[in-house]
Amino acid sequence: MILKFFAALACSVFSLATLAADLPPTVLQALKAAQIPAGSVAVVVHPVDAGAPLVAHNASRAMNPASVMKLVTTYAALDLLGPAYTWKTTAWTENAAVDGNLSGNLYIRGSGDPRFAIEHLTALLRQIQVRGIRRIDGDIVLDRSVFNIPATDPGAFDDKPMRPYNVGPDGFLLNFRALCFTLQPDNGKPRILMETPSEGLRVDNQLRASNNECGSNWKDLINVRLIPENNGNRLEFTGSYAALCGEKPLSLSPLPAEAQTSGLIRALWKELGGTLNGQVRAGNVPVGAKLLTQHDSAPLADAVRDINKFSNNVMARQVFLTIGNDSAPATAERARQRIADWLAGRGLRFGELVLDNGSGLSRSERISADSLNRLLLDAWKSPVMPEFVSSMPIVGIDGTMKKRLNGSDATGRAHIKTGTLDGVKTAAGYALDGQGRRHAVTFLINHPKAQAGSAAIDALLVWVAQRRVGEKMPVLENE
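Here the structure is a predicted model, which is why all the values come from computation and not from measurement.

Undergrad: Looking at this structure, I do not really get the pattern of salt bridges. What am I missing?
TA: In total, this model carries 24 salt bridges according to the counting rule given. The partner of Asp378 in a salt bridge is Arg346, with the nearest N and O atoms 2.6 Å apart. Residue Asp378 is located in helix α9 (residues 369-380), and its partner Arg346 is located in the loop between α8 (332-345) and β19 (367-368); the two are separated by 32 residues in the primary sequence. Arg346 gets classed as partly exposed once you look at its relative accessible area, which sits at 29%. What emerges from the salt-bridge pattern is a single network uniting Arg202, Asp204, Arg225, Glu229, Arg234 and Glu236.

Structure, rendered in structure tokens:
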């Protein structure tokens, strides 16, 4: 048994050394400069029309993919639900309004819409008023039952509970559960403009002006605390804001779901001239209620584009759960099982795959570079390929790749989804070589110095862009 173990270990070490030599020299040089060992990297480059890869380095190793896991979620959603799938947010009543007065409750049922925003809520409330309801003597009851999920701790991942990317899934997700503010320097004291209305929330501005440079960490210099009060909540801002920052937008998620939706709905209903005598509260649409009106979302293909272009974690988690909504209410486990069954049905059995929430904002999610590249090759032959490929950032042009490789041979010649966590740097997608041949490309880095690995990923994309058919892999001396 011991001999077998050491034999396997020796083979593993030999394999790593051999495979490292298969990486392009420019990639190896960039990894060396970043002090990232080749053993902490997995790379696959495979022409979409070929039977074998050009590069396969640590291809079968299970690694944390960070946000490139969104490619699994979005491809599954496009294929299972269809690019034209829409979410429907509906309004219901138990009885008709009389002379503009509704004596009972108004019910609004969420559908898990990943980007139901202020303008959509305003339109829905206006439709309700157009249908004869101006005064509600009962409550506005919000039905979130489309998802059956436990409460999440927004600070559990990185101890930043007010950052919008940490918002958990919600059957009635409203405006990403975010409040939007604008910061302005004004006569030596920063101003805070509250762009998102929220009845019952008071802004307490104690920010100090700073004469320092406006660094990339300007948000980290602002402290925000939510303090309950008798008639609502107070949002206290302390810390400093540099005048040289000029005007900056700031999005925060300081309120629990119930308080955020209640404050926004009450404020908008009042702005539209309506009266609400009751509360905004949680509940279910009762049996026998009648549909009053509904809001249809933009199609899934649009949501997928937002998710992949801008790596939107909140939307990815909503779509992931929607996949598990084949029999409501949706659960994460049902979503995982449905994706696993879908993969198996396509002949994609990924034994190492670990799905957590489908967004990549997870320490437990795992996939190998080989599996991810096989997914890309399968998607290339799928009817939803155009929507899937176009949802990814274009190198040097837009999304999370907008500022990378500008003016290089790879600019505009690759659609690449990126991923970043502490200790994780990843990229995957499609890239054209020097003769217009398309390749599926996956690059995963799991290492404490992974953040320095962008140059190695960029080097691979440039290598593909410059490559011509028939060229052999150059080898660095003494490697």
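On we go from here.
Undergrad: So what exactly am I meant to see when it comes to the sheet that holds strand β8 (residues 140-143) here?
TA: An order of β17-β8-β6-β4-β18 is seen for the 5 strands of this open sheet, with the pairing classed as mixed. The sheet terminates laterally at β17 (280-282) and β18 (290-296), the two strands that pair on one side only. Ignoring which end each strand starts from, the neighbouring axes of this sheet average 25° apart. Note: β8 against β17, 3 bridges, orientation parallel. Paired with Val141 across the bridge in β17 is Arg281. Sitting on the sheet, helix α4 (residues 118-130) is in contact with β4 (88-93), β6 (106-109) and β18, with an inclination near 150° to β18.

Undergrad: Any chance you could explain the packing of helix α3 (residues 70-81) against helix α6 (residues 300-310) here in plain terms?
TA: How two helices pack is summed up by the angle between their axes together with the distance between the axes. The geometry of α3 relative to α6 is characterised by a closest axis approach of 11 Å and an angle of 175° between their N-to-C directions. The angle between α3 and α6 places the two elements in the roughly antiparallel class. Of α6, the residues touching α3 (which contributes Lys70, Leu71, Thr74, Ala77, Leu78 and Leu81) are Leu300, Ala301, Val304, Ile307 and Asn308. Here the contact of α3 with α6 is built from residues that sort into 8 nonpolar, 2 polar and 1 charged.

Undergrad: How do you make sense of the sheet that holds strand β9 (residues 179-186) when you look at a structure like this?
TA: Within a sheet, neighbouring strands are paired by backbone hydrogen bonds and run either parallel or antiparallel to one another. With antiparallel pairing, 3 strands are arranged side by side in an open sheet as β10-β9-β15. The open sheet has two edge strands with one neighbour each: β10 (189-194) and β15 (248-252). Geometrically, the sheet is characterised by an average inter-axis angle of 30° between neighbouring strands, direction not taken into account. By the bridge criterion, 6 bridges tie β9 to β10 in an arrangement that is antiparallel. Of the residues in β10, the one forming a bridge with Asp186 is Lys189.

Undergrad: Help me out: how do you make sense of the packing of aromatic side chains in this one?
TA: Per the stated rule, a full pass over the model turns up 7 aromatic pairs. Between Tyr75 and Trp342 the ring centres are 4.9 Å apart and the planes differ by 80°, which places this aromatic pair in the edge-to-face class. Taken together, the residues span a long stretch of sequence, with Tyr75 in helix α3 and Trp342 in helix α8 at a distance of 267 residues. Relative accessible area serves as the criterion here: at 0%, Tyr75 is assigned to the buried category. Relative accessible area serves as the criterion here: at 7%, Trp342 is assigned to the buried category. Note on Tyr75 and Phe388: the rings are 5.3 Å apart at their centroids and 35° apart in plane angle, and the pair reads as tilted. Residue Tyr75 is located in helix α3, and its partner Phe388 is located in helix α10 (residues 385-390); the two are separated by 313 residues in the primary sequence. On the basis of relative accessible area, Phe388 is assigned to the buried category, the value being 0%. The structure contains a cluster of three or more aromatic residues connected by ring pairs, namely Tyr75, Trp342 and Phe388.

Undergrad: Would you mind going over the pairing of β4 with me for this structure?
TA: Every regular strand shows the same layout, with side chains that alternate between the two sheet faces. Counting buried positions along β4 gives 5 out of 6 residues, so the element sits mostly inside the fold. Pairing of β4 with β18 involves 6 bridges; the strand directions are antiparallel. Across the sheet, Lys88 pairs through a bridge with Asp296, a residue of β18. Pairing between β4 and β6: 4 bridges, direction antiparallel. Note that in β6 the partner of Thr93 across the bridge is Leu106.

Undergrad: What exactly am I supposed to notice about the state of the cysteines here?
TA: In a disulfide, the sulfur atoms of two cysteines are covalently bonded to one another. Using the criterion set out here, one finds 1 disulfide in the structure. Between the sulfur of Cys214 and that of Cys245 lies a disulfide, 2.0 Å long from S to S. Residues Cys214 and Cys245 are joined by a disulfide whose S-S torsion is about 100°; by sign, that bridge is right-handed. Here Cys214 is found in the loop between β12 (208-210) and β13 (222-229), whereas its partner Cys245 is found in the loop between β14 (232-242) and β15, with 31 residues between them in sequence. On the basis of relative accessibility, which here comes to 26%, the residue Cys214 falls in the partly exposed class. You can call Cys245 buried: its relative accessible area is 8%. Of the cysteine sulfurs around Cys180, a residue in no disulfide, the closest is that of Cys245, at 18 Å.

Undergrad: Would you explain the confidence of the model for the protein chain in this entry?
TA: Any region with low pLDDT has predicted coordinates that should not be read closely. Summary statistics for the protein chain give a mean pLDDT of 92 and a share of 93% for residues scoring 70 or more. Contacts for the low-pLDDT stretch residues 1-20, under 50 throughout, to residues beyond four places or in other chains number 10 contacts. In this model residues 475-479 is a low-confidence stretch, pLDDT under 50, and it forms 4 contacts with partners more than four residues away in sequence or in other chains.

Rules behind the numbers
- Residues numbered from 1 in each chain as written.
- Predicted model: local features only at pLDDT ≥ 70, side-chain atom pairs only at ≥ 80, totals over all residues.
- Heavy atoms only, no water.
- Salt bridge = Lys/Arg side-chain N within 4 Å of Asp/Glu carboxyl O.
- Helix = DSSP H or I, 4+ residues; strand = E, 2+ residues; numbered from the N terminus.
- Buried < 20%, exposed > 50% of the residue type's maximum accessible area, 1.4 Å probe, protein only.
- Pairing = 2+ DSSP bridges.
- Axes fitted to C-alpha atoms, helices over the stretch in contact; angles between N-to-C directions.
- Contact = heavy atoms within 4.5 Å.
- Parallel < 35°, antiparallel > 145°, perpendicular 65-115°, else oblique.
- Nonpolar A, V, L, I, M, F, W, Y, C, P; charged D, E, K, R; others polar.
- Phe/Tyr/Trp six-rings, centres within 6.5 Å; stacked < 30°, edge-to-face > 60°.
- Disulfide = S-S within 2.5 Å.
- pLDDT = per-residue confidence, 0-100.

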